[in-house]
Amino acid sequence: YFCRHGERWELQLKGSGKTPYSRNGDGRAVLRSSVREFLCSEAMHYLGIPTSRAASLVVSDDDVWRDQFYNGNIKKERGAIVLRLAKSWFRIGSLEILAHSGELDLQRKLLDFIIQEHFPSIDMNDSNRYLEFFSTVVSETANLIALWMSVGFAHGVCNTDNFSLLSITIDYGPFGFMDSYDPNFVPNSSDDEKRYKIGNQANVGLFNLSKLLQALNPLLDPRQKQLAPQILEGYGERYYSRFTELFKAKLGLLGENENDNYLIAFLLKVSLLC
C-alpha cells in the first residue's frame, strides 16, 4: 500500500515478468503499449473518469516478441514496466473464480474484506450487506460505462477479469478513442466477432454483472436471491439516465424535456452519416 494525504493505494507492476496468473504468457509488456497505458490512464483521470493511475514507466533491456496485428508476423520489441496504482485491483473475476471452485468460506472472507475496506457506507453487521454491495456495483458500473461513452472510449477487452469491483477503469490493453462516432468501432484487432465494440459496452457490462450475481448467489439467503435480480434489472435505467445526463451537459440542455433523448439519438445518427 502507498499512502498519500491519508489515502491508500495498491501498487502493481505491469510487464515485470511471470506471476501465478500469467498462464501461458511471458508476463512482459512492450514499450508502445506501456506508454499508451501511462498516457491514457492519466488522461482518463483528468477527464474525471474513475481509473487506475500510472506512477512511473521504466524501459527494460529485455527483448519481447509480439505479433502486433495478430497476422503471424512476430517481431522483437523493446520491453517496459509500468508502476500503476489503484484503490483496489479486485475484479468481478476475483469472486467468480472462488465461487466456481466452491471456496465459499474464502469468498465470504474476501468479500467482507472488500466491503470493509472500500464500501464504508455499508454496515458490516447488516445481514443484507452483500445485497447492498451488489446494488452499489451495479449502479457504479452503469455510471462508469456511461462516462466511457461520453468521451468515445472503447476498453477493448471487457471481460469479468477486466471489470473492477470498485467500478474504475483498469487493465488498459487494446483500448481506443473514436475519431468520429461509430457504434461498431473496435480497437482490438483480435476481436473478429466485435463482441467488445463500443456500441456493445453497456450490454457487456450487464453480462458481467450477471456473472457477479451468479458468484454471489451461494452467499445469499432465499429472500435475497429473489431481490438481487430486481437490482440487476435496474442497470439499464441507471445507464441510460446517466448517459442522457452526460450528453445533455455536452449540448448545454437545461431542465427536462421529453424530446431530449430523441435529440441526442438524432445527433448521434447524423454524426454517423457524416
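Data block above holds the structure.
Quick summary incoming for the structure in this document. Going along each chain's sequence as written, the residues are numbered from 1 onward. For a predicted model such as this one, the threshold for reporting local features is a pLDDT of at least 70, and the threshold for listing and counting side-chain atom pairs is 80 or more; totals across whole chains, interfaces and linings nevertheless cover every residue. For the side-chain quantities, the full set of heavy atoms in the structure was used; hydrogens and water were omitted.

## What about the side chain of E42?
No. 1: With respect to the helices and strands, E42 occurs in helix α1 (residues 31-46).
No. 2: Owing to a relative accessible area of 16%, E42 belongs among the buried residues under this scheme.
No. 3: Polar contact is the term for a pair of N or O atoms within 3.5 Å; when the atoms are in protein, one must be able to donate a hydrogen and the other to accept it, and sequence-neighboring residues count only if both atoms are side-chain atoms. A distance of 2.7 Å separates a polar atom in the side chain of E42 from a polar atom in the side chain of R53.
No. 4: Other than its neighbours up to four places away in sequence, E42 contacts R53 and A54. For helices the rule is a DSSP run of H or I covering at least 4 residues; for strands it is a run of E covering at least 2, with both sets numbered from the N terminus onward. In this scheme, a residue with accessible area under 20% of its type's maximum is buried, one over 50% is exposed, and one in between is partly exposed, where area comes from a 1.4 Å probe on protein chains only. Contacts: residue pairs with any heavy atoms within 4.5 Å of one another.

## Examining unusual backbone geometry
Generally, phi is negative for residues other than glycine and the peptide bonds are trans, each holding for most cases.
No. 1: Even without being glycine, S167 reaches a positive phi, approximately 55°.
No. 2: The residue S167 is located in the loop between β5 (153-154) and β6 (176-177) in this model.
No. 3: By relative accessible area, S167 is classed as buried at 6%.
No. 4: For K194, which is not glycine, the phi torsion reads 55° and is therefore positive.
No. 5: A relative accessible area of 40% means that K194 is categorised as partly exposed.

## A look at a nonpolar patch on the surface
No. 1: Residues enter patches when their relative accessible area tops 30% and they take part in no salt bridge; the joining distance is 9 Å for like charges and 5 Å for the nonpolar side chains Val, Leu, Ile, Met, Phe, Trp and Tyr. Per-residue accessibility takes into account occlusion by the displayed protein chains alone, with areas from the Shrake-Rupley method and a 1.4 Å probe. What counts as a salt bridge is simple: a side-chain nitrogen of Lys or Arg found within 4 Å of a carboxyl oxygen of Asp or Glu. A contiguous nonpolar surface patch, about 520 Å² in accessible area, is contributed by L251, Y262, L263, F266, L267 and V270.
No. 2: Sort the elements by how many residues they give to the nonpolar patch and helix α8 (residues 260-273) lands first, with 5 residues.
No. 3: Classification of L251 by relative accessible area gives partly exposed; the value is 39%.

## Overview of the side chain of S34
No. 1: The topology assignment puts S34 in helix α1.
No. 2: For S34, the contacting residues outside a window of four places in its chain are A29, L57, A80 and V82.

## Remarks on empty space enclosed by the protein
No. 1: Computed over the protein atoms alone on a 1 Å grid, cavities are sets of points where a 1.4 Å probe fits but cannot get out and pockets are open sets with protein on both sides within 12 Å along at least five of seven lines; a residue lines them when it has an atom within 4 Å of a point. Grid points are joined across faces, edges and corners, and a volume is the space filled by probe spheres set on the points. By the definition in use, this model includes 1 cavity of 30 Å³ or more.
No. 2: Space inside the largest cavity adds up to approximately 40 Å³.
No. 3: Lining the largest cavity, in full, are T141, L144, W148, N162, F163, S164, S167, I168 and T169.
No. 4: Ten residues, namely Ala, Val, Leu, Ile, Met, Phe, Trp, Tyr, Cys and Pro, are considered nonpolar, four, namely Asp, Glu, Lys and Arg, are considered charged, and the remaining ones, Gly among them, are considered polar. Class assignment for the residues of the lining of the largest cavity results in 4 nonpolar, 5 polar and no charged.

## Some remarks on the layout of surface pockets
Once rolled over the atoms, a probe with the size of a water molecule shows which space is left empty.
No. 1: Taken as a whole, the largest pocket holds about 2,100 Å³ of empty space.
No. 2: Along the walls of the largest pocket sit 48 residues, with K14, R23, R84, N162 and D171 positioned nearest its centre.
No. 3: Counting only elements with at least two residues in the lining of the largest pocket, the list comes to β2 (7-14), α1 and α2 (92-100).
No. 4: Per-element accounting of the lining of the largest pocket gives the leading share, 4 residues, to β2.

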